[in-house]
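# What the coordinates show
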Amino acid sequence: MTTAAQHEHDTPQAFEPFGPRARGFLLRAGWIRATWCTALFFLVGMFIVVGSRAIFDMHPVYNWTIITLTGALTMAPLGFLTGIGAFDYWFYWISGRPTREEDHSGHGAKAWPDYFRINTDHKVIGVQYTVTTFFFFVIGGLMAMLFRAELAQPGLQFFSSQTFNGLVSMHAVLMIFLFIIPAFAGLANFVVPLMLGAPDMAFPRLNALSFWLLPIAGVMFMSSFLAPGGPFAAGWTGYAPLSVDSPVGSMFFNMGVQWAGASSILTALNFLVTIITMRAPGMTFWRMPLLVWANFTTSLLVVIATPFIAGSQFFVMFDRVLHTSFFVPAHGGYVLGYQHIFWFYSHPAVYIMMLPGFGIVSEVVSTMSRKPIFGYRLMALSFIGILILGFSVWAHHMFVAGMADWLRVPMMISTLLIAVPTGIKVFSWLATLWEGKIRLTTPMLWALGFISMFVIGGLSGIFLGSVPIDIHASDTYFIVAHIHYVLFGGSVFTIFAGVYYWFPKVTGRMYNERLGQLHFWLTFVSFNVTFFPMHYIGLRGMPRRVFDYSNQFGSLNMIISVASFVLGVSTVIFFYNMITSWTRGPIASSNPWGAHTLEWQVSSPPPIFNFDEIPVVVGGPYEYGVPGARHAILHSAPAAEEVHA
């Protein structure tokens, strides 16, 4: 029986709309706070614009272009980050409150909701990165299938020319900025600290912030479809002055690049500090796995190059909003300046999208052939060579842009010269495979597929690095074929190799090998049928980025479009395999591949702080077949056993 006193006590708790429990619910870091903080910050940004324009008597007071830029594309993302809790620790520290003891409540995942909040565990962040990037991979792939449906026959079938241009531009942007680059960051986030013998990344909270910048960029890119006038449609390069005069949707591209670039820079800085300062005892630079070398050089590329693309997009936005004339020729702007700035980032960006894949393939090839990497030190030094030479080749993208003739030949020579360190890697992988005890597991198939496809892409790159051939083939489908053999047959193949290779370590379960191999062969065949004919139709004169074309290319384009749909369907097998294997796949041992690197010397999944004891590194990471060789000593883990074919 309830007493009157109890009834009086219970009533306010039940009906008071802003009681302590409700306030705690609204103020606790998470999605509820993120929602109202996003709206609040947008209104603050809108008030700043409207108030400033009213004070300075600028008309119209409600300029929705500037309101969108300030409120929706700048302040609202900051509000989301504030609400989700990305800044809580720093705000607490800045406010001068007493230091609070770290209870690690935001570290590690005990249930699936932990992946949807701020988390400081590098393993959780690695999974967040990888899953998010595959979401954008699906969206970008669907857009490719839509415009390939349009290109199946000559003429205009399904979309307007502006929508077609938007689909092509968005497809490229999502695949480059939201899939390939951050997918490598996700795999490295999980693996690199383990490979180094470190308990986590150097700056765990900065690591968490780096991830949450990524979905902001993705939502921003895709939201351009809702903007008046349609999405940005100037291609993923966003060439000026077209991008200056484009509809408002191009601002979403300008700002999306800033948020994605900020994520890349913060992640790269974190990797650099982690690799330099947090290696286990005995882990010298010449004992680091090649994946660590790859991420070290990639991070240097990101830190040096990414500010250039940020600057180019700021200049375009200033031309649009502040009426400057950086790239407006009618007012003295230098249009080619945009291309120089953009490609000074974007050609090193090709290696940002390739070097981590080189590291992944090195790990897989050595482990699955049971042989040490041939020429380990030369392989590591070739990463440095690509890092240096990568900044000397940007202008080969501009051979037909009207740049100075004297600049063409030096750029052609440097472009061909960079094939040397890349060729070192290909020959090293082939020498490692020679007389190895090769196991054709799914990761190995993807690695071998990468080597063959990357060689084709590299050979077409030699043609395009030559001035006469590039002038003929520029802006044709030969370019489309080349970039897809490099970035899909290269980068995406290595991402799949990495996902399959470390899937047992991440989940503690084994994937279905038959489905994995079916995924590879279906992808390999459909990929080649899709993109190899593009070399031919490109050299015959079919221009890229057009929604209509000559009837003579109709039959081949129909074959290409059908094959592209098969390529899209092949990913369904991958997702089915990953989801079902993660939930009910066979339990994996700690080291199912018999690898020597440190991440395989702990349990699967790894402990929350990676190692129960500090490992001591005593040898190289690839000394397969050497009697008694060990990479590291952990008293709680047995030595890696040699696994034979």
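Residues numbered from 1 in each chain as written. Predicted model: local features only at pLDDT ≥ 70, side-chain atom pairs only at ≥ 80, totals over all residues. Heavy atoms only, no water.

In terms of nonpolar packing, the biggest core is built from 188 residues, with Leu81, Phe177 and Phe221 touching the most fellow members. Top contributing element to this core by residue count: helix 7 (residues 161-196), with 25 residues. Summarising the domain contributions, this core has at least three residues from each of domain 1 (31-94) and domain 2 (122-584). (Core = buried A, V, L, I, M, F, W, Y, C linked by side-chain atoms within 4.5 Å. Buried < 20%, exposed > 50% of the residue type's maximum accessible area, 1.4 Å probe, protein only. Helix = DSSP H or I, 4+ residues; strand = E, 2+ residues; numbered from the N terminus. Domains from an automatic or database assignment.)

What follows concerns the pattern of salt bridges. Under the counting rule described, the total for this entry stands at 5 salt bridges. Between arginine 33 and aspartate 88 there is a salt bridge whose closest N-O contact spans 2.8 Å. Within this pair, whereas arginine 33 is found in helix 3 (residues 31-55), its partner aspartate 88 is found in helix 5 (residues 88-94), the two being separated by 55 residues in sequence. Among the residues examined, arginine 33 registers a relative accessible area of 11% and is labelled buried. A relative accessible area of 26% means that aspartate 88 is categorised as partly exposed. For arginine 117, the salt bridge is made with aspartate 114, and the minimal N-O distance between the two is 3.0 Å. Take aspartate 114: its relative accessible area is 13%, and that puts it in the buried class. (Salt bridge = Lys/Arg side-chain N within 4 Å of Asp/Glu carboxyl O.)

Next up on the list: the packing of helix 19 (residues 477-507) against helix 20 (residues 513-539). Across the interface, helix 19 lies against helix 20 with an axial gap of 7 Å and an inter-helix angle of 165°. As summarised for this structure, helix 19 and helix 20 are arranged roughly antiparallel, according to the angle between their axes. Crossing handedness for the pair helix 19 and helix 20: left-handed. Residues belonging to the contact of helix 19 with helix 20 are distributed by class as follows: 17 nonpolar, 9 polar and no charged. (Axes fitted to C-alpha atoms, helices over the stretch in contact; angles between N-to-C directions. Parallel < 35°, antiparallel > 145°, perpendicular 65-115°, else oblique. Left-handed = near helix turned anticlockwise from the far one by under 90°. Nonpolar A, V, L, I, M, F, W, Y, C, P; charged D, E, K, R; others polar.)

The next point concerns the environment of tyrosine 376. One can find tyrosine 376 in helix 14 (residues 376-389). The exposure class of tyrosine 376 is buried, given its relative accessible area of 14%. The sequence separation of tyrosine 376 and leucine 407 amounts to 31 residues, and the corresponding C-alpha distance is 36 Å. The contacts of tyrosine 376, once residues within four sequence positions are left out, are Phe285, Trp286, Arg287, Met288, Leu290, Trp293 and Tyr622. A polar contact of 2.4 Å, which involves the side chain of tyrosine 376, links it to the backbone oxygen of methionine 288. For tyrosine 376, the side chain forms a polar contact with the side chain of tryptophan 293, separated by 3.3 Å. (Contact = heavy atoms within 4.5 Å. Polar contact = N/O pair within 3.5 Å; in protein donor to acceptor, adjacent residues only side chain to side chain.)

The step from alanine 240 to proline 241 runs through a cis peptide bond, and the omega angle for that step is 5°. Examined against the element boundaries, proline 241 turns out to sit in the loop between helix 8 (204-223) and helix 9 (242-245). Along the chain, serine 604 connects to proline 605 via a cis peptide bond; the corresponding omega equals -10°. Along the polypeptide, proline 605 turns up in the loop between helix 21 (554-584) and strand 1 (616-617). The backbone of arginine 370 sits at a positive phi, close to 55°, despite the residue not being glycine. Assignment of secondary structure puts arginine 370 in the loop between helix 13 (355-369) and helix 14. A relative accessible area of 6% places arginine 370 in the buried class. One non-glycine residue with positive phi stands out, namely asparagine 610, at about 75°. Mapped onto the elements, asparagine 610 comes out in the loop between helix 21 and strand 1. Judged by its relative accessible area of 0%, asparagine 610 is buried.

Once that is clear, we can look at the confidence of the model for the protein. Confidence in the prediction for the protein averages 89 pLDDT; 95% of positions are at 70 or higher. Scored below 50 in pLDDT, residues 1-18 shows 4 contacts in the model against residues more than four places distant or in partner chains. (pLDDT = per-residue confidence, 0-100.)

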